[in-house]
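Analysis of the macromolecular model
Each chain is listed here by its residues.
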Amino acid sequence: MEPVPGRRWQKVLYERQPFPDNYVDQRFLEELQKNVRARRYWYRAVVFQSGAVVQQLCSVCVFVVTWWYMDAGMLSPQGLFGVALVSSLLGYLLFDAVDGGAGRRESGRTRWADLKSTLVFAAFTYGFSPVLKTLTESISTDTIYAMSALMLLGHLIFFDYGANAAIVSSTLSLNMAIFASVCLASRLPRSLHAFVMVTFAMQIFALWPMLQKKLKARTPRCYVGVTVLFALAALVGLATVSSVGAVLFASLLLAISCLCPYCLIRLQLLKDNIHGPWDEAEIKEDLSRFLM
């Protein structure tokens, strides 16, 4: 509608004006802004951040390959337990060495408390391993495999990759991974196999991500090197089981770490968010004093 002659429109609500409610003048679009809060991404930074996804995919791959070797009788539980124990000790020392023990001093947790927690967990897991072994005897093997696959997929979906999203739940992610390990461990030959498998699952799904997060925050170059070596180890282990699976898994890792960041950077160029006087008002003043 045309404006009323002799009267200039004002953008106020407290004054009655001879204009319709939906009227705006030519100045309305002068305040148009584009991509005000758009975040600019750099390819190297996105590739670096994608390392968390690569790490967790490789953790699942290593866990499944390890279970396959134990189920096939090609890996003894004593051998896996020994390797896992040595790796845990080295990782424990590295965890403190990365920040010089600053994190331990801030938390106030002692090494004796860590040792007690480890012994309690190992004792309870070993004591309940016969129960874990027979827990799913009445369930078919196909159902066990399907549940394990769904639980590991859920673990990957809900894992905390560093994004501030509602779907992230570290507790749920860890519980789903442990549930999958219990299901798979119940199909192993003996109770000792089940104990070692669940213990290994705790190490790779609970302790390993903690070390990776600290390496990522403190020593980025070391984190990149560890990520590459871990991915190569997972690929080599998977290649011994299935060469086709190794090729597909390598393609997946390359797509996540190289192709997806490139697509994100390209799509950012097409981003076109508009802002203007039609946006909701933002209260920037501190109103906490009114809550007293």
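First, a word on what this report is: a plain description of the structure on this page. (Residues numbered from 1 in each chain as written. Predicted model: local features only at pLDDT ≥ 70, side-chain atom pairs only at ≥ 80, totals over all residues. Heavy atoms only, no water.)

1. Considerations on the packing of helix α2 (residues 51-71) against helix α8 (residues 191-218)
Packing of α2 against α8 leaves a shortest axis separation of 11 Å and a crossing angle of 165 degrees. Classified by the angle their axes make, α2 and α8 are roughly antiparallel. Seen along the crossing, α2 lies across α8 with a hand that is right-handed. Residues Ala 52, Gln 55, Gln 56, Ser 59, Val 60, Val 62, Phe 63, Thr 66, Trp 67 and Met 70 of α2 form the contact with α8, whose own contacting residues are His 193, Met 197, Phe 200, Ala 201, Ile 204, Phe 205, Trp 208, Pro 209, Gln 212 and Lys 216. Across the contact of α2 with α8, the residue classes tally to 13 nonpolar, six polar and one charged. (Axes fitted to C-alpha atoms, helices over the stretch in contact; angles between N-to-C directions. Helix = DSSP H or I, 4+ residues; strand = E, 2+ residues; numbered from the N terminus. Parallel < 35°, antiparallel > 145°, perpendicular 65-115°, else oblique. Left-handed = near helix turned anticlockwise from the far one by under 90°. Contact = heavy atoms within 4.5 Å. Nonpolar A, V, L, I, M, F, W, Y, C, P; charged D, E, K, R; others polar.)

2. Comments concerning the pattern of salt bridges
Applying the stated criterion to the full structure yields two salt bridges. Of the charged contacts, one joins Asp 96 and Arg 111 as a salt bridge, the two residues approaching to 3.0 Å between their closest N and O atoms. With Asp 96 in helix α3 (residues 77-98) and Arg 111 in helix α5 (residues 111-134), this residue pair connects regions lying 15 residues apart in the sequence. The partner of Lys 213 in a salt bridge is Asp 160, and the shortest N-O contact between them spans 3.7 Å. Of the two residues, Lys 213 sits in helix α8 while Asp 160 sits in the loop between α6 (141-158) and α7 (170-185), which places them 53 residues apart along the sequence. Overall, Lys 213 belongs to the partly exposed group, its relative accessible area being 43%. Accessibility expressed as a relative area gives 22% for Asp 160, which makes it partly exposed. (Salt bridge = Lys/Arg side-chain N within 4 Å of Asp/Glu carboxyl O. Buried < 20%, exposed > 50% of the residue type's maximum accessible area, 1.4 Å probe, protein only.)

3. A closer look at the side chain of Gln 212
By secondary structure assignment, the location of Gln 212 is in helix α8. Leave out the neighbours within four places in its chain, and Gln 212 touches Gln 55, Tyr 223, Val 226 and Thr 227.

4. Structural notes on the nonpolar core
One broad trend across soluble globular proteins is that nonpolar side chains are buried collectively. Formed by 41 residues in total, the largest nonpolar core has its most connected members in Cys 58, Phe 63, Met 197, Phe 200, Phe 205, Phe 249 and Leu 253. Considering every element that reaches this core, the biggest residue donor is α2, with 11 residues. Setting aside anything within four residues of it in sequence, one finds Leu 253 in contact with Val 54, Leu 57, Cys 58, Ala 231 and Leu 235. (Core = buried A, V, L, I, M, F, W, Y, C linked by side-chain atoms within 4.5 Å.)

5. Topic: α3
Between its first and last C-alpha atoms α3 spans 31 Å; for 22 residues at 1.5 Å apiece the expected length is 32 Å, and the two agree. Restricting attention to buried positions, one finds in α3 the residues Pro 77, Leu 80, Ala 84, Gly 91, Asp 96 and Val 98. Looking straight down α3, one finds its buried side chains confined to an arc of 150 degrees; they lie on one side. Exposed and oriented more than 90 degrees from the buried face of α3 are Val 83, Leu 89, Leu 90, Leu 93 and Ala 97. Residues of α3 that are buried in the fold lie against α2, α4 (102-107), α5 and α8. Phi turns positive one or two residues past the end of α3, at Gly 100, with a value near 70 degrees. (Expected span 1.5 Å × (residues − 1). Arc of directions from axis to C-beta.)

6. A word on the packing of aromatic side chains
Counted by the stated rule, this structure contains 10 aromatic pairs. Summarising the aromatic geometry, the rings of Phe 63 and Phe 200 are spaced 6.4 Å apart at their centres and angled 10 degrees between planes, so their arrangement reads as stacked. Pair noted here: Phe 63 is in helix α2 and Phe 200 is in helix α8, with a separation of 137 residues, a long-range link. Per residue, the accessibility class of Phe 63 equals that of Phe 200, and both read buried. Ring centres 5.1 Å apart and planes at 65 degrees place the aromatic pair Phe 159 and Tyr 161 in the edge-to-face group. (Phe/Tyr/Trp six-rings, centres within 6.5 Å; stacked < 30°, edge-to-face > 60°.)

7. Remarks on a nonpolar patch on the surface
Among the surface-exposed residues, Val 120, Phe 124, Phe 128, Val 131 and Leu 135 lie close enough to one another that they form a single nonpolar patch of about 490 Å² accessible area. Mapped onto the fold, Val 131 is located in helix α5. Given the relative accessible area of 42%, Val 131 is considered partly exposed. (Patch = residues over 30% accessible without salt bridge, like charges linked within 9 Å, V, L, I, M, F, W, Y side chains within 5 Å. Areas by Shrake-Rupley, 256 points an atom, 1.4 Å probe, with all protein chains shown as cover.)

8. Overview of the packing of α7 against α8
Viewed as axis vectors pointing N to C, α7 and α8 meet at an angle of 155 degrees, and their least axial separation amounts to 9 Å. One finds that α7 runs roughly antiparallel with respect to α8. The crossing of α7 and α8 is right-handed. Counted together, Leu 174, Ala 177, Ile 178, Ser 181, Val 182 and Ala 185 of α7 and Ala 194, Met 197, Val 198, Ala 201, Met 202, Phe 205 and Ala 206 of α8 form the full contact between these two elements. When grouped by side-chain class, the residues that make up the contact of α7 with α8 number 12 nonpolar, one polar and no charged.

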